[in-house]
Amino acid sequence: MMKLSSLFAVLGWATSALAIPASPVADANLPGSTANVAGLHALAKQAGKLYFGSATDNPELTNTAYTAILDNNQMFGQTTATNSMKWDATEPQQGVFTFTNGDVIANLAKRNGQLLRGHNCVWHNQLPAWVTNGHFNSQQLTSIVQTHCSTLVGHYKGQVYAWDVINEPFNDDGSFRQSVFFTTTGQGYIAAALRAARAADPNAKLYINDFNIEGTGVKATAMKNLIRSLKQQGVPIDGVGLQAHFIVGEVPTTLVQNMQEFTALGVEVAITELDVRMTLPETAALLAQQQRDYQTVVAACQAVQGCVGITLWDFTDKFSWVPGTFAGQGAACPWDANLVRKPAFDGIVAGF
């Protein structure tokens with residue numbers, strides 16, 4: 001049976017489609033934000049959360065209209081480096097570390113009085129060829145992981161609230177991803193990385209971060225089993241990052257239950273990479289559903305004490321990763337490409 005809300009959404013799409021040209025270009029008549037608030041981070045703090053933040057990337061920092069919003073610590077109390085702390089950016093050759101671009105983001109956060117999330121130590125993507133094609137044995141690659149994590153985390157010691165130490169270890173069916181790390185070391189690289197990170201910065205929270213674990217299901221269950229196993233082994237693990245790259249109208253209905261099941265294991269959770277993409281062009285109905293989706297996600301975090309904060313995977317469509325990854329999709333962020341707030345912004349406000 002179709003819910004009334006779904007029926008209204010369909011009817012709304014049908015009427016709005018008449019008024020909006022079939023083009024990915026935003027129509028001047030599309031609705032915008034009407035909320036009048038000091039800032040999203042200020043709201044999050046009032047609601048008892050630790051932060052509301054946005055990721056950013058070095059090439060964007062030359063855009064002064066963009067940085068005027070990013071630097072406002074009432075709007076964003078936290079930031080994450082989208083790319084400049086990843087392996088290819090920080091250890092392009094074995095034992096040769098470069099932190100120049102990562103330091104720019106770290107200094108931005110420090111200057112603005114914003115928390116910094118470190119992203120990330122070990123991931124199967126954006127690896128230099130020397131790692132993927134090095135034909136290392138298990139002992140060698142474990143040592144490489146330990147050196148990379150301890151050097152990276154140690155460089156930013158005292159500056160980072162939390163690190164995504166392990167990023168995306170699972171396939172969607174709950175099996176371990178066949179990365180160079182898993183195929184060479186089994187699960188051993190996970191504990192090695194977490195222990196190295198803890199030794200390098202004992203005060204940083206250590207996370208495992210993944211997508212499609214936001215609602216209950218086989219992948220979320222696999223993550224819970226991994227957290228239990230690590231805790232039983234005495235391996236340091238403090239948090240689970242729920243990436244939350246969603247599609248309009250497809251936000252899981254089990255967000256709260258799932259977060260509670262994670263926090264019951266003795267870890268905190270965070271929404272780490274939030275965006276809600278749609279098939280273009282934007283319509284009034286799609287923007288209205290996106291507003292509800294952002295509200296749902298924020299309200300879920302708000303409902304779970306152990307959900308400490310929310311990070312947008314950049315706040316503007318101008319710099320969103322979505323169009324370059326998902327053909328024909330975009331408009332995923334709460335600000336449009338002209339840095340104008342969309343109804344999604346009001347959804348965030350309502351969620352708090």
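Scroll up a little and you will see the structure.
As the structure is a computational prediction, the values presented were derived from the model and not from experiment. The residue count restarts for each chain, going from 1 along the sequence in the order it is written. Note on the predicted model: pLDDT of at least 70 is required for a residue's local features to be given, and 80 or more for side-chain atom pairs to be given and counted; whole-chain, interface and lining totals, by contrast, use all residues. To get the side-chain values, all heavy atoms of the structure are used, and hydrogens and water are removed first.

Whenever a carboxyl oxygen of Asp or Glu lies within 4 Å of a side-chain nitrogen of Lys or Arg, that contact is scored as a salt bridge. According to the stated counting rule, one finds 8 salt bridges in the structure shown. Ionic pairing is found between Glu268 and Lys205, a salt bridge with its closest N-O pair at 3.8 Å. One end of the pair, Glu268, is in strand β8 (residues 268-279); the other, Lys205, is in strand β5 (residues 205-210), and 63 residues separate them in sequence. The class of Lys205 is partly exposed, set by a relative accessible area of 30%. Between Glu282 and Lys342 there is a salt bridge whose closest N-O contact spans 4.0 Å. Of this pair, Glu282 sits in the loop between β8 and α12 (284-303) while Lys342 sits in the loop between β10 (329-330) and α14 (343-351), and the two are 60 residues apart along the sequence. Lys342 carries the same exposure label as Glu282, and that label is buried. Salt bridges sharing common partners tie together Asp172, Asp210 and Lys219. Secondary structure elements follow DSSP: runs of H or I of four or more residues count as helices, runs of E of two or more count as strands, with numbering from the N terminus. Note on classification: 1.4 Å probe, protein chains only; a residue is buried when its accessible area is under 20% of the maximum for its type, exposed when over 50%, partly exposed between these limits.

Alternating residues of strand β6 (residues 239-242) divide into Gly239 and Gly241 and Val240 and Leu242, and every residue in both groups is buried. In terms of strand pairing, β5 meets β6 through 4 bridges, oriented parallel. Looking at β6, one finds that Tyr207 is bridged to Gly239. Clockwise travel from the first strand over the helix to the second, with the strands pointing away from the viewer, marks a crossover as right-handed. Taken together, β5, helix α10 (residues 218-233) and β6 constitute a β-α-β crossover, and its handedness is right-handed. Any two strands between which DSSP finds at least two bridges are classified as paired.

Remark: α10 packs on helix α11 (residues 255-263), axes separated minimally by 10 Å, with the N-to-C direction vectors making an angle of 15 degrees. It follows from the interaxial angle that α10 and α11 lie roughly parallel. The way α10 lies across α11 gives a crossing that is right-handed. Counted together, Ala220, Met223 and Lys224 of α10 and Asn258, Glu261 and Phe262 of α11 form the full contact between these two elements. Amino acids are sorted into nonpolar (Ala, Val, Leu, Ile, Met, Phe, Trp, Tyr, Cys and Pro), charged (Asp, Glu, Lys and Arg) and polar (every other residue, Gly among them). Here the contact of α10 with α11 is composed, by residue class, of 3 nonpolar, 1 polar and 2 charged. Axis lines are fitted to C-alpha atoms, over the contacting stretch for helices. Their N-to-C directions set the angle, which ranges from 0 to 180 degrees. Between 65 and 115 degrees an angle is taken as roughly perpendicular, under 35 as roughly parallel, over 145 as roughly antiparallel, and anywhere else as oblique. Left-handed is the label given to a crossing in which the near helix is rotated counterclockwise from the far helix by less than a right angle, and right-handed is the label when the rotation is clockwise. In this description, contact between two residues means that some pair of their heavy atoms is separated by no more than 4.5 Å.

Residue pairs spaced three or four apart in an α-helix point in one direction, given the helix's 3.6 residues per turn. Residue count minus one, scaled by 1.5 Å, sets the expected span of a helix. For helix α9 (residues 188-200), which comprises 13 residues, the first-to-last C-alpha distance of 19 Å matches the rise-based estimate of 18 Å (1.5 Å per residue) to within 8%. What α9 keeps buried is the set Tyr189, Ile190, Ala191, Ala192, Ala193, Leu194, Ala196, Ala197 and Ala200. Elements in contact with the buried residues of α9: β3 (115-122), α7 (138-155), β4 (162-167), α8 (180-185), β5 and α10.

Below, the discussion takes up the state of the cysteines. Disulfide: a covalent bond connecting the sulfur atoms of a pair of cysteines. Our working definition of a disulfide is a cysteine sulfur pair at a distance within 2.5 Å. Counted according to the given criterion, the structure contains 1 disulfide. Bridging Cys301 to Cys307, the disulfide has an S-S length of 2.1 Å. Taking the sign of the S-S torsion, about -100 degrees here, the bridge from Cys301 to Cys307 comes out left-handed. On the basis of relative accessibility, which here comes to 1%, the residue Cys307 falls in the buried class. Cysteine Cys149 is unpaired, with the sulfur of Cys121 as its nearest cysteine sulfur at 4.2 Å. What makes Cys149 buried here is its relative accessible area of 0%. Free cysteine: Cys333, not disulfide-bonded; nearest cysteine sulfur from Cys301 at 18 Å.

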